[in-house]
Number of protein chains: 2
Amino acid sequence: MPTYTPPLRDMQFLMHEVFKITDDYQQMKSYAEVDADTINAVLEEAGKFAANVTFPLNISGDDEGCTLDKTTREVTTPKGFKDAYRQFIEGGWPALSCDPDYGGQGLPFVVNSALYEMLNSANQAWTMYPGLSHGAYEALHAYGTDEQKKTYLPKLTSGEWTGTMCLTEPHCGTDLGLLRTKAEPQADGTYKITGNKIFISAGEHDFTENILHLVLARLPDAPVGSKGISLFVVPKFHVNADGSIGERNPIFCGALEHKMGIHGNATAQINIDGAIGTLVGEPNKGLQAMFVMMNAARLGVGNQSLGLTEVAYQNALSYAKDRLQMRSLSGIKAKDKPADPIIVHPDVRRMLLTAKAYAEGGGRSSPTARS
Amino acid sequence: MPTYTPPLRDMQFLMHEVFKITDDYQQMKSYAEVDADTINAVLEEAGKFAANVTFPLNISGDDEGCTLDKTTREVTTPKGFKDAYRQFIEGGWPALSCDPDYGGQGLPFVVNSALYEMLNSANQAWTMYPGLSHGAYEALHAYGTDEQKKTYLPKLTSGEWTGTMCLTEPHCGTDLGLLRTKAEPQADGTYKITGNKIFISAGEHDFTENILHLVLARLPDAPVGSKGISLFVVPKFHVNADGSIGERNPIFCGALEHKMGIHGNATAQINIDGAIGTLVGEPNKGLQAMFVMMNAARLGVGNQSLGLTEVAYQNALSYAKDRLQMRSLSGIKAKDKPADPIIVHPDVRRMLLTAKAYAEGGGRSSPTARS
């Protein structure tokens, strides 16, 4: 049986006893009111959500995966995924470290990181749906117009809508300067966008009524290379002036890609067939704005590794205590059993200690990097 | 597009120019007639079989995998797998380094190793079906009775039947002394065998009319631990006195297990419900006999790694020459293209050279280890 116990004591030890983070927060106007009890209460509830709600969904995630209906071009996520997300937004988790001006709870980002470490341990595939949204939130918060902020940030904060990061095209990954997706200015100040993107994590799903795609594209006559890239926000559904959902924007999932170990996450090929979007930041300076989201994604990938390391270690430890093979070199340890648990063997202990060192060492570095 | 070119020149260079293997063979009675031209002709045909027949089957292997019919308890292999095996036995490949007394071609084992290196490069999942048979052949050749050899070795040599290695049980892998499968002596000198085995590669399939399971089990009152293990050969179908196929023996595939990357191979749970088998080697000395097969399997696993390293390197090299990203540090190399192929980047070259060194170094060590 797979097992996951949120490492609350480790987190609290690092936050309060090693780094004494609330001492620092008292010097910061935004966080002066944040005390250890608040942080600990949030971590405890976050751990319960991860262990009880998303951890059991790995089975449907792996077995069923996501399915694309080629006619409607809608994606169905594995059993239980959508309901877990409903609970996630009901619990207010997307808002944890968002700006109170847009409905956020204004807690330090390190608390959000701890939440995501536990979510990643519990179910990486599920976690990548809300995980991308925070980066979209940050990019729009930093570079969006007042209108864009007013329209989109409350929805990302509440989790009612999610965000995606549309960079990669079939012929360009590392070298974004080669990208071909086109954005043509329209008379009303919007842009008509056409192109193909691949490897778009959480690019389509059934969790929310709308999805905000952050899309890199080129304006007509843009300079060649990375100096000619602009950023656009392209909603799956247009948003009416009163905030209600409008018409479908032609930005569709063309296929689902197969990523090892995360069948439950919809890694989408996205076809953009003249979808209407609005410019984020300045023309031709889209990479600068997108880097806000890319940096959030980078921290997120580090957090995935940390979360997976922790849960892998916990399960290896549990197995090593349970599995009986051979006898200890220093004499029989489990006299009532036909063999000793493998944790007695020196090389097994070495491997467990290595995994534990990575898990705890990775956890230790994260608050300093992020707080 | 995946690509595979058999590394014939590398193999010939190692065999003939570095190790001069035919000089050694001239000192050996069995191989005195084996010359370089014969070896080279065999390698060339083996390479064609691997590249043209089994390599294209990775697609059906990955997409379809194997399916178990829970009613008949028969396994269907992916599209094309069975027909490729028919061609394999028609070409006489299973007999390559088998004993001429049982229909073999009597070529040195290093030639068989080269064949299997190419088969493993081309399609590991497919190759594991015939791959296990050679170990079963060797164990029966070394420890079988005259009757067992007469009945089984010609069928393993021709490839008409395949062999399996049934060691692991749910509670015992490394520590075979814990195994519980029971063998009860019958009045006619045979044994009735009952137990459960897991992770049995090629444990069931639709390639051949019969499968020979080599099964470790315990006799009644056998000493505890690894000194009380005996080896039995348990055919899927009994063999009549005239060599024809008889009744079904109750040794069934209970489920297929999921091994990453080899969906096309049937990794079987094997339920043995009072199947009749015969003893191989002496009572309670079964591990000694099974180690002949285990050693063949160990060499086979090394050969899998070598084959996969070679094909991975070839495909990485092909991609690195084709994929355009960024410009070379030392100036533009592909003036007519929007970016340079990634093989110009120092870190890509370092990775390619590392892979090449492993592939060539692994190949270099294999003839000495095996000839």
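Residues numbered from 1 in each chain as written. Chains lettered and ligands numbered in written order. Predicted model: local features only at pLDDT ≥ 70, side-chain atom pairs only at ≥ 80, totals over all residues. Heavy atoms only, no water.

Chemist: I would appreciate a short explanation of the packing of aromatic side chains in the present structure.
Modeler: Within a pair of aromatic rings, the relevant descriptors are the distance that separates the centres and the angle that separates the planes. Scanning the model with the defined rule gives 24 aromatic pairs over all chains in all. Summarising the aromatic geometry, the rings of Phe81(A) and Tyr129(A) are spaced 6.4 Å apart at their centres and angled 90 degrees between planes, so their arrangement reads as edge-to-face. Of this pair, Phe81(A) sits in helix H5 (residues 81-90) while Tyr129(A) sits in helix H7 (residues 124-143); the two residues are 48 residues apart in sequence, bridging distant segments of the chain. Assigned by exposure class, Phe81(A) and Tyr129(A) land together as buried. Between Phe88(A) and Trp126(A), the ring centres sit 5.2 Å apart and the planes meet at 85 degrees, which makes this aromatic pair edge-to-face. A residue pair is termed long-range when its members are at least 10 positions apart, and Phe88(A) in helix H5 and Trp126(A) in helix H7 qualify at 38 residues. Of the residues examined, Trp126(A) reaches a relative accessible area of 0% and is grouped as buried. The rings of Phe49(A), Phe81(A), Tyr85(A), Phe88(A), Trp126(A), Tyr129(A) and Phe207(A) are connected pair by pair, giving a single aromatic cluster. Against the face of Phe252(A) rests Arg73(A), its NZ or CZ located 3.8 Å from the ring centre. A cation sits over an aromatic face here: Arg248(B) above Phe237(B), 5.4 Å from the ring centre. (Phe/Tyr/Trp six-rings, centres within 6.5 Å; stacked < 30°, edge-to-face > 60°. Helix = DSSP H or I, 4+ residues; strand = E, 2+ residues; numbered from the N terminus. Buried < 20%, exposed > 50% of the residue type's maximum accessible area, 1.4 Å probe, protein only. Lys NZ or Arg CZ within 6 Å of the ring centre and 35° of its normal.)

Chemist: Looking at this structure, I do not really get the domain arrangement of chain A. What am I missing?
Modeler: How big an interface is tends to be reported as the loss of accessible area on association of its parts. Entries for chain A in the domain assignment read domain 1 (8-308) and domain 2 (309-368). Inter-centroid distance (C-alpha atoms) of domain 1 of chain A to domain 2 of chain A is 36 Å. (Domains from an automatic or database assignment.)

Chemist: Help me understand the interface of chain A and chain B, please; the structure alone is not making it clear to me.
Modeler: Each partner contributes residues to the interface: chain A has 14 residues there, and chain B has 15 residues. Where chain A meets chain B, there are 0 salt bridges. The tally of links between chain A and chain B comes to 12 residue pairs in polar contact (both at pLDDT 80 or more). Here the residues of the side of chain A that touches chain B are counted per class, giving 8 nonpolar, 4 polar and 2 charged. (Contact = heavy atoms within 4.5 Å. Salt bridge = Lys/Arg side-chain N within 4 Å of Asp/Glu carboxyl O. Polar contact = N/O pair within 3.5 Å; in protein donor to acceptor, adjacent residues only side chain to side chain. Nonpolar A, V, L, I, M, F, W, Y, C, P; charged D, E, K, R; others polar.)

Chemist: Help me understand the side chain of Thr22(A), please; the structure alone is not making it clear to me.
Modeler: Within the secondary structure, Thr22(A) sits in helix H2 (residues 21-25). When neighbours within four sequence positions are excluded, Thr22(A) is seen to be in contact with Val34(A), Asp35(A), Ala36(A) and Ile39(A).

Chemist: Just checking my understanding: could you explain the pairing of strand E5 (residues 191-201) of chain B for this structure?
Modeler: Along any regular strand, the residues point their side chains to alternate faces of the sheet. Residue and element names in this part refer to chain B. Of the pairings in the sheet, the one linking strand E4 (residues 182-185) to E5 comprises 4 bridges and is antiparallel in character. In the strand pairing of E5, Glu184 is matched with Lys192. In this structure, the hairpin formed by E4 and E5 is closed by a connection of 5 residues, where Gly189 is found at a positive phi of approximately 90 degrees. By the bridge criterion, 9 bridges tie E5 to strand E11 (residues 267-280) in an arrangement that is antiparallel. The residue bridging Lys197 from the neighbouring strand is Ile270, located in E11. (Pairing = 2+ DSSP bridges.)

Chemist: Whenever I open this one, the pattern of salt bridges confuses me. Can you help?
Modeler: Oppositely charged side chains may form a pair once their charged atoms are brought near each other. Residue and element names in this part refer to chain A. Here the structure, examined in full by the defined rule, presents 24 salt bridges over all chains. Here Asp347 ties to Arg350 by a salt bridge, and the two come within 2.8 Å at their closest N and O atoms. Taken together, the residues Asp347 and Arg350, both in helix H10 (residues 346-370) and 3 residues apart, mark about one turn of the helix. Under the relative-accessibility criterion, Asp347 is labelled partly exposed at 43%. A cluster of three or more residues bridged by salt bridges with shared partners is formed by Glu74, Glu204, Lys236 and Arg248.

Chemist: Sorry, what's going on with the layout of surface pockets here?
Modeler: With a probe scaled to a water molecule rolled over the atoms, the places where space remains empty come into view. Of the volumes computed, that of the largest pocket is approximately 970 Å³. In this structure, the largest pocket is lined by 27 residues; those nearest its centre are Asp62(A), His258(A), Lys259(A), His263(A) and His263(B). Elements with a minimum of two residues in the lining of the largest pocket: helix H4 (58-64), strand E1 (67-68) and strand E10 (251-257) of chain A together with helix H4 (58-64) of chain B. Taken together, the residues of the lining of the largest pocket break down into 8 nonpolar, 10 polar and 9 charged. (1 Å grid on protein atoms, 1.4 Å probe; cavity = no way out; pocket = protein on both sides within 12 Å on 5 of 7 lines; lining within 4 Å. Points joined across faces, edges and corners; volume = space filled by probe spheres on them.)

Chemist: Sorry if this is basic, but what is going on with the packing of helix H3 (residues 36-54) of chain B against helix H6 (residues 109-122) of chain B here?
Modeler: Each pair of packed helices can be summarised by the angle the axes make with each other and by the distance between the axes. Residue and element names in this part refer to chain B. As a packed pair, H3 and H6 sit with axes 9 Å apart at the nearest point and diverge in direction by 20 degrees. Considered as vectors, H3 and H6 are oriented roughly parallel to each other. As for how H3 packs across H6, the hand of that crossing is right-handed. Seen from H3, the contacting residues are Ile39, Val42, Leu43, Ala46, Gly47, Phe49, Ala50 and Thr54; seen from H6, they are Val111, Ala114, Leu115, Met118, Leu119 and Ala122. (Axes fitted to C-alpha atoms, helices over the stretch in contact; angles between N-to-C directions. Parallel < 35°, antiparallel > 145°, perpendicular 65-115°, else oblique. Left-handed = near helix turned anticlockwise from the far one by under 90°.)

Chemist: Would you mind going over the relation of the copies chain A and chain B with me for this structure?
Modeler: In this arrangement, two copies of a chain are superimposed by a rotation about an axis accompanied by a shift along the axis. Once chain A is rotated about the relating axis by 180 degrees and shifted along it by 0.0 Å, it coincides with chain B to within an RMSD of 0.0 Å. The superposition of one copy onto the other is thereby described by a two-fold rotation axis. Of every C-alpha in chain A, the one belonging to Met260(A) sits nearest the axis of rotation, 4.7 Å from it. (Least-squares fit on C-alpha atoms with pLDDT ≥ 70 in both.)

Chemist: Would you explain the nonpolar core in this entry?
Modeler: Soluble globular proteins: nonpolar side chains tend toward being buried together. Residues Trp126(B), Ile193(B) and Phe232(B) are the most contacted members of the largest nonpolar core, which totals 60 residues. Excluding anything up to four places from it in sequence, Phe232(B) contacts Ala183(B), Tyr191(B), Ile193(B), His213(B), Leu214(B), Val215(B), Ala217(B), Leu219(B), Thr278(B), Leu279(B) and Val280(B). In terms of nonpolar packing, the next biggest core, distinct from the first, is built from 59 residues, Val75(A), Leu96(A), Ala114(A) and Tyr191(A) among them. (Core = buried A, V, L, I, M, F, W, Y, C linked by side-chain atoms within 4.5 Å.)

Chemist: Looking at this model, I keep getting lost on H3(B). Mind explaining?
Modeler: Because each turn of an α-helix spans 3.6 residues, side chains separated by three or four positions end up pointing in the same direction. For H3(B), built from 19 residues, the straight-helix expectation of 27 Å at 1.5 Å per residue is met to within 8% by its first-to-last C-alpha distance of 26 Å. Tucked into the core, H3(B) has its buried residues touching helix H1 (8-18), helix H2 (21-25), H4, helix H5 (81-90), H6 and helix H7 (124-143) of chain B. (Expected span 1.5 Å × (residues − 1).)

Chemist: What is the right way to look at the environment of Met293(B) in this model?
Modeler: Residues and elements named next belong to chain B. Mapped onto the secondary structure, Met293 falls in helix H9 (residues 286-322). Between the alpha carbons of Met293 and Ala320 there is a distance of 40 Å; along the sequence they are 27 residues apart. Apart from the residues within four sequence positions on either side, Met293 is in contact with Leu132, Gly135, Ala136, Ala139, Thr164, Met165 and Leu214.

Chemist: Where do I start with the side chain of Thr267(B) in this structure?
Modeler: Turning to its location among the elements, Thr267(B) is positioned in strand E11. Setting aside anything within four residues of it in sequence, one finds Thr267(B) in contact with Phe199(B), Ile200(B), Ser201(B), Ala255(B), Leu256(B), Glu257(B), Lys259(B) and Ile262(B).

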